[in-house]
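# Structural description and commentary
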Amino acid sequence: MSSLLLSLTAGGGASLSPAAAAQLPEGKMLVAYFSRSGNTRVIAGQVSRALEADLFEIVPENPYPADYFETVEQARQESARGYEPPLKAQVTDVAQYTTVFLGFPIWGMTAPPVIRSFLSAHDLSGKTVIPIITHGGYGLGDSLTVVAGHATDAQLVEGFSMQAPQERQTVERVTEWLDGLTVAR
């Protein structure tokens, strides 16, 4: 099985070279993930169990709003100004890991601002970083560029991505259904 390895340079640039995806470096593994609706959490948990990797949930100090559309707007504003929200906790000893699986959903064609916070707060130099990405059907956007730009001097290996059931679609379908109901008052 082959994959692409992005060798990251100090300037955040990336060059492509072939690498064996099935060949993980020896050492401890970490699955760090952010999940708003649970899709990414399920995948991160499965990867953690299968590889006997430690699991760390990336949580912003101030949670995103419960309302999906409010979250979308807040994330859009944070991304536009390059804001990195503070984290509730950090990985205690990231140096012990040789491989970090980084799970997150795509928000507005990019990585969520809290992922930028995680990457800025943790030195992943010399580590293999493998993205686990869920999206609503529009693909990865510039998320890999974001990871490469924040995880300089790491090896970014092509990871796993999938279209996951999207919360927005659920909200829209339920709203459409409710709009069709007549409620006697």
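Our subject is the structure listed above.
Residues numbered from 1 in each chain as written. Predicted model: local features only at pLDDT ≥ 70, side-chain atom pairs only at ≥ 80, totals over all residues. Heavy atoms only, no water.

## Re the overall build of the chain
When helices and strands are tallied, the chain shows five helices and eight strands. Listed N to C, the secondary structure of the chain is β-β-β-α-β-α-β-α-β-α-β-β-α in terms of helices and strands. When each of the 185 residues of the chain is scored for burial, the buried share is 40%. By element, 52% of the accessible surface of the chain is carried by carbon and sulfur atoms, the whole surface being about 10,200 Å². (Helix = DSSP H or I, 4+ residues; strand = E, 2+ residues; numbered from the N terminus. Buried < 20%, exposed > 50% of the residue type's maximum accessible area, 1.4 Å probe, protein only. Areas by Shrake-Rupley, 256 points an atom, 1.4 Å probe, with all protein chains shown as cover.)

## Let's talk about the pattern of salt bridges
Inspection of the entire model under this criterion finds three salt bridges. For K28, the salt bridge is made with D54, and the minimal N-O distance between the two is 3.4 Å. Placement of K28 in strand β3 (residues 28-33) and of D54 in strand β4 (residues 54-57) is noted, with a sequence separation of 26 residues between them. Note that R41 and E57 form a salt bridge whose closest N and O atoms lie 3.1 Å from each other. Taken together, the residues span a long stretch of sequence, with R41 in helix α1 (residues 39-51) and E57 in strand β4 at a distance of 16 residues. Look at R41 and you get partly exposed, because its relative accessible area is 35%. Relative accessible area serves as the criterion here: at 33%, E57 is assigned to the partly exposed category. (Salt bridge = Lys/Arg side-chain N within 4 Å of Asp/Glu carboxyl O.)

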